[in-house]
Amino acid sequence: MTTNGEYRSFPTSKGQTVTPFPPQVSDVSDFGAEIWTALCAKTSSHFGKARLHHLLFDRKVGQVRDHAILAAQSYLKLAGTWEKELDKGECLNIALRLARAVGKHDLAEIAIAEMLTLATNAIAGDADMPGAATQILGPLISERVPPKALHGLLDDAITRYSSPFVKAQFFSLKLRLHKGEAARSAIYSDLVQMWLDAAATATGLVRAGHLKTALQHAQTSAVPHLIDRAASSLQALRNEDLGLKSFTASSAVSREEFESYLKPVVDCPDWQHALLHFVYSYGPATGSVENTRRSAAEYAKHSVIADLATMELIGSDGLPRFSPQSDAEIEEVRLTRQESITLQHMAPLLAIALHRIAETHGVPTEEDLTSFFAQGELTDAELASSIARCFIRYWSGDPEGATFTIAPKVETLARNLVLALDAGVYKLQRNEKPGQYPGLGYLLGVLRTKDMDESWYRSILTICGNPAGGWNLRNEIAHGFIPAAGSPAAALLFQCVIYLWSLGAKPQNVDDAGVDEAEEGEA
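These numbers come from a predicted model, not from an experiment.

## Structural notes on the overall build of the protein chain
Line of reasoning, step 1. On a plain count of helices and strands, the protein chain comes out with 25 helices and four strands.
Line of reasoning, step 2. Taken over 523 residues, the protein chain has a buried fraction of 45%.
Line of reasoning, step 3. Nonlocal contacts in the protein chain, meaning residues at least 24 apart in sequence, comprise 63% of its contacts between residues at least 6 apart.
Line of reasoning, step 4. As displayed, the protein chain offers around 27,000 Å² of accessible surface, 53% of which is attributable to carbon and sulfur atoms.

## Overview of the packing of helix α9 (residues 181-200) against helix α11 (residues 224-235)
Line of reasoning, step 1. Between α9 and α11, the least distance of the axes is 11 Å, while the angle of their chain directions is 10°. Compared by their axis directions, α9 and α11 come out roughly parallel. Of the residues in α11, those in contact with Ser185, Tyr188, Ser189, Val192, Gln193 and Leu196 of α9 are Leu226, Arg229, Ala230 and Ser233.
Line of reasoning, step 2. Of the residues in the contact of α9 with α11, the class split is five nonpolar, four polar and one charged.

## A closer look at the pattern of salt bridges
Line of reasoning, step 1. What the rule picks out here adds up to 16 salt bridges.
Line of reasoning, step 2. The closest approach of N and O atoms between Arg389 and Glu366, which form a salt bridge, is 3.8 Å. Of this pair, Arg389 sits in helix α19 (residues 381-395) while Glu366 is found in helix α18 (residues 366-373), placing the two residues 23 residues apart along the sequence.
Line of reasoning, step 3. The exposure class assigned to Arg389 is partly exposed, which follows from its relative accessible area of 34%.

## Focus on the nonpolar core
Line of reasoning, step 1. Leu275, Phe278, Leu354, Phe391 and Leu500 are the most contacted members of the largest nonpolar core, which totals 70 residues.
Line of reasoning, step 2. Among the nonpolar cores identified, the runner-up in size contains 64 residues, and Ala108, Leu118, Tyr161 and Val166 belong to it.

## A word on the side chain of Thr286
Line of reasoning, step 1. Position of Thr286 relative to the elements: it lies in the loop between α14 (271-280) and α15 (289-302).
Line of reasoning, step 2. Classification of Thr286 by relative accessible area gives buried; the value is 1%.
Line of reasoning, step 3. Excluding residues within four positions of it along the chain, Thr286 makes contact with Thr292, Glu339, Thr342, Leu343, Ser455, Arg458, Ser459 and Thr462.

## Observations regarding the confidence of the model for the protein chain
Line of reasoning, step 1. Per-residue confidence for the protein chain gives a mean pLDDT of 83; residues scoring 70 or more make up 81%.
Line of reasoning, step 2. Note that residues 1-7 has pLDDT below 50 and, in this model, six contacts with residues that lie over four places away or in other chains.
Line of reasoning, step 3. Segment residues 507-523 is flagged for pLDDT under 50; beyond a separation of four residues in sequence, or across chains, it makes 27 contacts in the model.

## Some points on the packing of helix α10 (residues 204-221) against α11
Line of reasoning, step 1. Two numbers describe how α10 lies on α11: the axes approach to 8 Å, and their chain directions differ by 160°. Classed by the angle they form, the pair α10 and α11 counts as roughly antiparallel. In this structure, α10 meets α11 at a crossing whose hand is left-handed. Listed contacts from α11 to Ala208, Leu211, Lys212, Ala214, Leu215, Ala218, Gln219 and Ser221 of α10 are Leu226, Ile227, Ala230, Ala231, Ser233 and Leu234.

## Points about helix α4 (residues 85-101)
Line of reasoning, step 1. Between its terminal C-alpha atoms α4 stretches 24 Å, which fits the 24 Å expected from 17 residues at 1.5 Å a residue.
Line of reasoning, step 2. On its buried face, α4 sits against α2 (46-59), α3 (64-79), α5 (105-124) and α6 (130-141).
Line of reasoning, step 3. Positioned one or two residues after α4, Gly103 has a phi angle of 75°, which is positive.

## A look at a nonpolar patch on the surface
Line of reasoning, step 1. Nonpolar side chains collect at one region of the surface, where Phe31, Ile35 and Leu39 lie side by side and expose about 300 Å² of accessible area between them.
Line of reasoning, step 2. Considering the arrangement of structural elements, one finds Phe31 in helix α1 (residues 30-42).

## Overview of α19
Line of reasoning, step 1. In this model α19 runs 21 Å from its N-terminal to its C-terminal C-alpha over 15 residues, within 8% of the 21 Å that 1.5 Å per residue would give.
Line of reasoning, step 2. Taken together, the buried positions of α19 are occupied by Leu383, Ala384, Ser385, Ser386, Ile387, Ala388, Cys390, Phe391, Tyr394 and Trp395.

## With respect to the packing of aromatic side chains
Line of reasoning, step 1. Counted by the stated rule, this structure contains 15 aromatic pairs.
Line of reasoning, step 2. Considering the side-chain rings of Tyr261 and Tyr282, the 4.7 Å spacing of their centres and the 25° angle between planes classify their relative orientation as stacked. A residue pair is termed long-range when its members are at least 10 positions apart, and Tyr261 in helix α13 (residues 255-266) and Tyr282 in the loop between α14 and α15 qualify at 21 residues.
Line of reasoning, step 3. Here Tyr282 falls in the buried class, since its relative accessible area comes to 13%.

## Some words on the side chain of His273
Line of reasoning, step 1. Mapped onto the elements, His273 comes out in helix α14.
Line of reasoning, step 2. Residue classification places His273 among the buried positions, given a relative accessible area of 7%.

## Side note on the environment of Glu143
Line of reasoning, step 1. Of note, Glu143 is situated in the loop between α6 and α7 (149-160).
Line of reasoning, step 2. Take Glu143: its relative accessible area is 11%, and that puts it in the buried class.
Line of reasoning, step 3. In the structure, Glu143 is positioned 34 residues away from Leu177 in sequence and 9.9 Å away in space, judged by C-alpha atoms.
Line of reasoning, step 4. Contact partners of Glu143, with chain neighbours within four places excluded, come to Leu96, Arg100 and Ile112.
Line of reasoning, step 5. Among the polar contacts listed, one links the side chain of Glu143 to the side chain of Arg100, at a separation of 2.5 Å.

## A look at unusual backbone geometry
Comment: phi is negative for the bulk of residues other than glycine, and the bulk of peptide bonds are trans.
Line of reasoning, step 1. Located in the positive-phi region is Ala222, a residue other than glycine, with phi close to 65°.
Line of reasoning, step 2. If you trace the backbone, Ala222 turns up in the loop between α10 and α11.
Line of reasoning, step 3. A positive phi angle, near 75°, is found at Asp451, a position not held by glycine.
Line of reasoning, step 4. Structurally, the position occupied by Asp451 is in the loop between α21 (440-449) and α22 (454-464).

Calculation notes
- Residues numbered from 1 in each chain as written.
- Predicted model: local features only at pLDDT ≥ 70, side-chain atom pairs only at ≥ 80, totals over all residues.
- Heavy atoms only, no water.
- Helix = DSSP H or I, 4+ residues; strand = E, 2+ residues; numbered from the N terminus.
- Buried < 20%, exposed > 50% of the residue type's maximum accessible area, 1.4 Å probe, protein only.
- Contact = heavy atoms within 4.5 Å.
- Areas by Shrake-Rupley, 256 points an atom, 1.4 Å probe, with all protein chains shown as cover.
- Axes fitted to C-alpha atoms, helices over the stretch in contact; angles between N-to-C directions.
- Parallel < 35°, antiparallel > 145°, perpendicular 65-115°, else oblique.
- Nonpolar A, V, L, I, M, F, W, Y, C, P; charged D, E, K, R; others polar.
- Salt bridge = Lys/Arg side-chain N within 4 Å of Asp/Glu carboxyl O.
- Core = buried A, V, L, I, M, F, W, Y, C linked by side-chain atoms within 4.5 Å.
- pLDDT = per-residue confidence, 0-100.
- Left-handed = near helix turned anticlockwise from the far one by under 90°.
- Expected span 1.5 Å × (residues − 1).
- Patch = residues over 30% accessible without salt bridge, like charges linked within 9 Å, V, L, I, M, F, W, Y side chains within 5 Å.
- Phe/Tyr/Trp six-rings, centres within 6.5 Å; stacked < 30°, edge-to-face > 60°.
- Polar contact = N/O pair within 3.5 Å; in protein donor to acceptor, adjacent residues only side chain to side chain.

Below, the structure is given as structure tokens:
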């Protein structure tokens, strides 16, 4: 480097000119190697000799094996001059590697003996120096025949240190040391129990993090009883155990504004038109995907710190459900977060609008509703009758029953629509996974490839089964995590059902703009 801070160019052995930062040893010119050789004869410090002989060994100058041996000997002497254990360990580690590289096994054994002594002192000493111990023990485990003393040292280290994170480093080294299945299973058992014990003395999110780590190690071990033990501990957590806080907010609108919102379903000539306007006049409950992307981008712009933090979404079962890793997954979480916020505002309004249809146009009979929903390809008489009864439950004051019975119809209609568009897609999935049904997320993905409106696709996915932070009503209901449901949840699901039904139906007794709008959204 020159005095003004610039790196000086110099010729390589091939006559080329480069400005390395830092220079590659193999690119150093013969002239540079000659300078190193001359300096070796002049310097008396262990540090200088160690580095210069090491460079000449890497550059393959002269008696290469002799340079490696001299460098290793100098590193061993240099280790004794350092005060910090990390510096000592680094020198001994390099000496061991150089000695092994040229088959100087007696020199390697000297390095190993000094490394074991250093590790023993670091673990037994009063000062907490786990870094020095791991720096030394790691390379020794990589030896073709690891020293027998390692077993005891690793156990001593696990007992010595109290931090679960430090203990986990030594457990990781034990797993590297042991190759047998029985020994590794025993180590994993101790490791999982260590994290469970750490969780028992922690609180809030720290406790949840320890339990999650225990489950991850249990899953890695593939030992069933360890997985059950860790999973049951994590599932036992409740929101109050995590110390999380809930916040609520409310907003008010004028009576005129509120009545204006209801006009699309109130001003219709009959309930058939009103049900179609309930879908197409209000649009998807999560809003347009363009608005969602703008809101998500604005949030990201002003919430930089929030996006830097590690995110883990926990399911209702208390287990990790989704942890975004890629940029695409992080963006999906952002979008779903905004959609969930929109649903908080829209769900109550849609519930009132659905009630207002009955108040304004009267509650249709089950027969009339069945006849209405029986039109089109996606519903036979039995399915149409089942959907009709769901509406009757809602308008008869049983939104909970309506919610639980209408939820499965979303997947039914999505499956029927996939079959109507391309039965081969569905049959292929069944052939690939015999005895299993393709899930709603898969079915919606197929419909999206068939030009289903993206905003509606995202709305149904987030309402019914988006793992990236959606409401997941269909999944939560199916697995028993929603003990009770009200009108807002039912209204969201009804809108999803009517939309999917409309993609394969053309009501014969409705012939105005409502149907035209429905046809525009056909997949």
